[in-house]
Amino acid sequence: MNKVAFFDCKPYDREWFNKINEKYGFDIVYFENKLNESTALMAKDFEAAVAFVNDQINQSTINTLYSGGTRLLAMRCTGYSNVDLKAAKDKISVVRVPDYSPYSVAEYAIALLLCINRKIHKAYNRTRDMNFSIDGLMGFDLYGKTLGVIGTGKIGKVFINICKGFGLNVIAYDPYPSDKGNISYVSKEEVFSRSDIISLHCPLTHDNHYIINKESIEMMKKGVYIINTSRGGLINSEDLLEYLLNGKIGGAALDVYEEESEIFFEDFSDSIMKDNVLTHLLSLPNVLITSHQAFFTSEAMFDIVSVTLNNIYEYFNNKRIVNEIRYK
Ligand code: NAD
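Scoring rules and cut-offs
Residues numbered from 1 in each chain as written. Predicted model: local features only at pLDDT ≥ 70, side-chain atom pairs only at ≥ 80, totals over all residues. Heavy atoms only, no water. 1 Å grid on protein atoms, 1.4 Å probe; cavity = no way out; pocket = protein on both sides within 12 Å on 5 of 7 lines; lining within 4 Å. Points joined across faces, edges and corners; volume = space filled by probe spheres on them. Nonpolar A, V, L, I, M, F, W, Y, C, P; charged D, E, K, R; others polar. Helix = DSSP H or I, 4+ residues; strand = E, 2+ residues; numbered from the N terminus. Near = heavy atom within 4 Å. Areas by Shrake-Rupley, 256 points an atom, 1.4 Å probe, with all protein chains shown as cover. Pairing = 2+ DSSP bridges. Axes fitted to C-alpha atoms, helices over the stretch in contact; angles between N-to-C directions. Contact = heavy atoms within 4.5 Å. Core = buried A, V, L, I, M, F, W, Y, C linked by side-chain atoms within 4.5 Å. Buried < 20%, exposed > 50% of the residue type's maximum accessible area, 1.4 Å probe, protein only. Right-handed = clockwise from strand over helix to strand, strands pointing away. Salt bridge = Lys/Arg side-chain N within 4 Å of Asp/Glu carboxyl O.

Student: I keep staring at the layout of surface pockets and nothing clicks. Help me out?
Tutor: Any empty space left between the atoms is revealed when a probe the size of a water molecule rolls over them. In this structure, the second largest pocket encloses a volume near 400 Å³. Around the second largest pocket, the lining is made up of 22 residues, and of these V53, N54, S81, N82 and S261 lie nearest the centre. Residue composition of the lining of the second largest pocket, grouped by class: six nonpolar, ten polar and six charged.

Listed below in structure tokens is the structure:
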């Protein structure tokens with residue numbers, strides 16, 4: 001039977017993969033450990049391994065997987081900035097889920113914006129404590145404000161359509177603009193200087209690491225809101241914190257964080273959090289941080305699991321591997 005080592009497994013992964021695997025019958029062994037250079041040994045004699053967004057798949061991880069006989073790495077996600085594709089070249093085929101319900105992430109981004117602007121996270125806690133005061137909970141109308149979207153792919157486009165329904169004036173930056181008729185493209189600098197709200201919907205690449213940093217924040221309007229559902233490395237968190245503290249940034253809602261890999265998806269409620277920047281960000285009333293859950297709808301999960309298992313099926317059955325990603 002075709003053996004699959006499944007890393008970074010959570011109960012919901014096991015439930016969904018087991019259900020849809022009934023159709024394929026792969027021998028899946030689930031590991032709670034993240035895949036990294038130390039745990040890659042666990043995949044010895046497994047021809048396929050499944051990994052996720054915060055696994056550290058560097059050259060050493062790849063070499064250990066390869067020595068142990070792994071020939072397919074199936075990422076159960078869209079982004080692959082955590083995979084050293086150069087190291088994998090000619091050794092291990094890397095596949096991913098190129099798209100799944102873009103509504104999951106786009107709808108979550110608007111939920112974050114509405115929550116942080118209207119302070120619903122604070123109101124929820126207040127009323128549960130029988131505190132019915134609305135003092136300090138004032139937000140602003142989205143109608144008529146300028147929204148800058150960075151990245152107008154599948155998720156960015158859905159997000160723009162939703163935002164147009166609120167009467168937001170949308171401007172966007174994308175190095176590969178599309179659908180020019182419906183989207184008002186401007187330069188990156190114009191997005192920074194004109195927007196009341198900026199939402200990130202691009203992948204993390206070498207070019208755009210820390211696209212939100214001191215220099216770009218300096219160009220922004222006072223009171224700008226920043227929403228990030230893409231990748232943590234797009235924002236320099238220390239710069240974000242500095243400009244939240246001095247009041248230049250009005251609020252931030254983040255579903256991703258640059259140092260999330262050892263933190264997100266885990267429960268640290270009984271421990272002392274050692275990440276000072278994260279702790280400081282979480283202490284601010286105008287910051288909302290969630291744990292990379294924008295994708296987490298039943299529709300998206302169905303797509304992710306079905307496509308991942310089909311990618312593995314194509315590999316084991318010598319079919320053309322449609323969703324392979326190659327080092328360029
Ligand atoms: P996509 O490939 O359809 O679109 C990405 C767009 O970004 C493309 O139009 C591309 O041209 C553009 N782009 C590339 N480099 C850019 C740059 N430097 N500046 C501005 N735009 C740039 O991807 P998608 O499906 O829309 O997903 C977008 C991102 O959302 C993913 O890369 C991933 O990081 C993130 N994501 C997050 C979650 C979550 O749960 N939080 C889930 C899925 C995806």
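From this point, things continue past the structure.
Student: Would you mind showing me how to read empty space enclosed by the protein here?
Tutor: Applying the stated rule across the entire model yields three cavities of 30 Å³ or more. If you add up the space inside the largest cavity, you get close to 60 Å³. Elements with a contribution of two residues or more to the lining of the largest cavity: α1 (11-21) and α11 (298-316). The class makeup of the residues in the lining of the largest cavity is seven nonpolar, no polar and two charged. The wall of the second largest cavity is formed by N228, G232, I235, S237, L240, L254, V256, Y257, E258 and L281.

Student: Explain the site of the ligand here, please?
Tutor: Close to the ligand lie 23 residues, the nearest being Y100, K154, I155, D174 and T229. Across the complex, the protein chains shield 86% of the 870 Å² of accessible surface that the ligand would expose by itself. Within the shell around the ligand, the residues separate by chemical class into eleven nonpolar, eight polar and four charged.

Student: What is the right way to look at the sheet that holds strand β6 (residues 146-150) in this model?
Tutor: Taken together, the six strands give an open sheet; going across it, the order is β7-β6-β8-β9-β10-β11, and neighbouring strands pair in parallel fashion. The strands lining the two open edges of the sheet, one partner per strand, are β7 (169-173) and β11 (287-289). Within this sheet the neighbouring strands show an average axis-to-axis angle of 15°, counted without direction. Direction of pairing for strand β9 (residues 224-228) relative to strand β10 (residues 249-254): parallel, over a ladder of five bridges. Within β10, the residue paired with I226 across the bridge is A252. Contacts from helix α9 (residues 237-245) reach β9, β10 and β11, with the element oriented near 140° to β10.

Student: Quick question: what am I supposed to make of the nonpolar core here?
Tutor: A general tendency of soluble globular proteins is for nonpolar side chains to be buried together. Ranked by size, the top nonpolar core spans 84 residues in total, and within it L73, I150, I212, L240, L281, L309 and I312 carry the most contacts. Sort the elements by how many residues they give to this core and α11 lands first, with eight residues. Apart from the residues lying within four places of it in its own chain, the contact partners of L281 are L240, L241, L244, Y257, V287 and I289. One finds Y108, L113, L142 and L288 within the second-largest nonpolar core, a separate group that totals 26 residues.

Student: What exactly am I supposed to notice about the pairing of strand β1 (residues 3-6) here?
Tutor: Of the strand pairs in this sheet, β1 and strand β2 (residues 27-30) are connected by four bridges, and their pairing is parallel. The residue bridging A5 from the neighbouring strand is V29, located in β2. At this point the chain moves from β1, through α1, to the parallel β2, and the crossover so formed is right-handed. Two elements, β1 and strand β3 (residues 48-51), share three bridges in a ladder whose sense is parallel. Within β3, the residue paired with A5 across the bridge is A49.

Student: What exactly am I supposed to notice about the pattern of salt bridges here?
Tutor: Where charged atoms from two side chains of opposite charge approach closely, those side chains can pair. Applying the stated rule across the entire model yields eleven salt bridges. Measuring nitrogen to oxygen at the nearest pair gives 3.1 Å for the salt bridge that ties E266 to K34. Remark: K34 occurs in the loop between β2 and β3 and E266 occurs in the loop between β10 and α10 (276-283); sequence separation between them is 232 residues. Given the relative accessible area of 35%, E266 is considered partly exposed. Linking K89 and D90 is a salt bridge whose minimum nitrogen-to-oxygen distance equals 3.8 Å. Classification of K89 by relative accessible area gives partly exposed; the value is 45%. Three or more residues joined by partner-sharing salt bridges are found here, namely D8, K10, K34 and E266.

Student: I would appreciate a short explanation of the pairing of β6 in the present structure.
Tutor: Taken residue by residue, a regular strand's side chains alternate between the two faces of the sheet. Counting buried residues along β6, five of its five residues qualify, which places the element largely inside the surrounding structure. Where burial is concerned, the two faces of β6 agree: the one with T146, G148 and I150 and the one with L147 and V149 are both buried. Judged from the five bridges that link them, β6 and β7 form a sheet pairing that is parallel. By the bridge assignment, L147 is partnered in β7 with V170. Where β6 meets strand β8 (residues 197-200), four bridges bridge the pair, whose relative direction is parallel. In the strand pairing of β8, V149 is matched with S199.

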